[in-house]
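If you want the building blocks of each chain, they are given just below.
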Amino acid sequence: MKRIVFYAFAIAMMTSFLSATAQNKWNVSAGVNLTPDIQKKFEGSTHDVGAGAFIGVGYEINFTPHWSFNPQIEANYINNCHIKKYGGSKHYFGKEYCNINLPLITSFRFNVSDKVGLRFGVGPNFQESLCVRQYKDASTNKKEKMTGNFFNRFNVGIQGEAAVETGNHLSYMFRTGYTLIPEHRMGKTLTLSLGVRYSF
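Residues numbered from 1 in each chain as written. Predicted model: local features only at pLDDT ≥ 70, side-chain atom pairs only at ≥ 80, totals over all residues. Heavy atoms only, no water.

**Q** Help me understand the environment of F200, please; the structure alone is not making it clear to me.
**A** With respect to the secondary-structure elements, F200 resides in the segment after β10 (190-199). Leave out the neighbours within four places in its chain, and F200 touches K25, W26, N27, V28 and H169. (Helix = DSSP H or I, 4+ residues; strand = E, 2+ residues; numbered from the N terminus. Contact = heavy atoms within 4.5 Å.)

Below, the structure written as structure tokens:
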């Protein structure tokens, strides 16, 4: 009798686990980003907005029909620069980054119709800059590579998103991210993104 109870319990737990796993989904996302310059400006310089892109993959764990957790790994390119004018010409000061991001997003979703839902999410973002270039020469726009160890290429921030979900697979999202450690390579940087996500 004890064996029957044990096997029944094991089968119930396995069925529950498989059912929950079946509700979880992989996802891929890609899009473009804009990075307004929010650093302290040089005298005589003006703000500029740099363009970039991102691509990533995640695994969404659904706790309920409304709440989920989506750890992701993402590669992105960020151009964070500002302009200084000399006479009639423009010269760029700033940095370009190729980063690996690990955003951990907790989301809440709800349906607004049978085929359309809204999703709102927020969470920490851990970032490592793999490749950094700095504009250093005002007269030639010459670039130099920046060096540094893992620690001072690392940054942590917060990321939020709002998305429109159409059906079970596609969603269209607006995201904003802000890095928090000013003395590290990325400094305090605001990034605004538009993208699409496919879940399967």
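Still to come is the rest of the account.
**Q** Would you explain the side chain of Q72 in this entry?
**A** By the secondary structure assignment, Q72 is in strand β4 (residues 67-86). Q72 gets classed as buried once you look at its relative accessible area, which sits at 8%. Non-local contacts of Q72, meaning those with residues more than four positions away in its chain, are made with S29, V57, G58, N101, L102, P103, I105 and R175. (Buried < 20%, exposed > 50% of the residue type's maximum accessible area, 1.4 Å probe, protein only.)

**Q** Help me out: how do you make sense of a nonpolar patch on the surface in this one?
**A** Taken together, the side chains of W26, V28, V57, I73, L102, F126, L170, Y172, V196, Y198 and F200 make up a nonpolar region of the molecular surface, amounting to roughly 940 Å² of accessible area. Those elements that provide at least two residues to the nonpolar patch are β1 (25-36), β9 (170-179) and β10. Within the secondary structure, F126 sits in strand β6 (residues 116-135). Under the relative-accessibility criterion, F126 is labelled partly exposed at 32%. (Patch = residues over 30% accessible without salt bridge, like charges linked within 9 Å, V, L, I, M, F, W, Y side chains within 5 Å. Areas by Shrake-Rupley, 256 points an atom, 1.4 Å probe, with all protein chains shown as cover. Salt bridge = Lys/Arg side-chain N within 4 Å of Asp/Glu carboxyl O.)

**Q** So what exactly am I meant to see when it comes to the pattern of salt bridges here?
**A** For the coordinates displayed, the defined rule picks out six salt bridges. The salt bridge partner of R197 is E60, with a shortest N-O separation of 3.1 Å. With R197 in strand β10 and E60 in strand β3 (residues 49-62), this residue pair connects regions lying 137 residues apart in the sequence. The residue E165 makes a salt bridge to R119 at a minimum N-O spacing of 2.8 Å. Pair noted here: E165 is in strand β8 (residues 154-166) and R119 is in strand β6, with a separation of 46 residues, a long-range link. The two residues E165 and R119 agree in class, both being buried. Shared partners join several salt bridges into a network, and the residues in it are E60, R109, R119, E161, E165 and R197.

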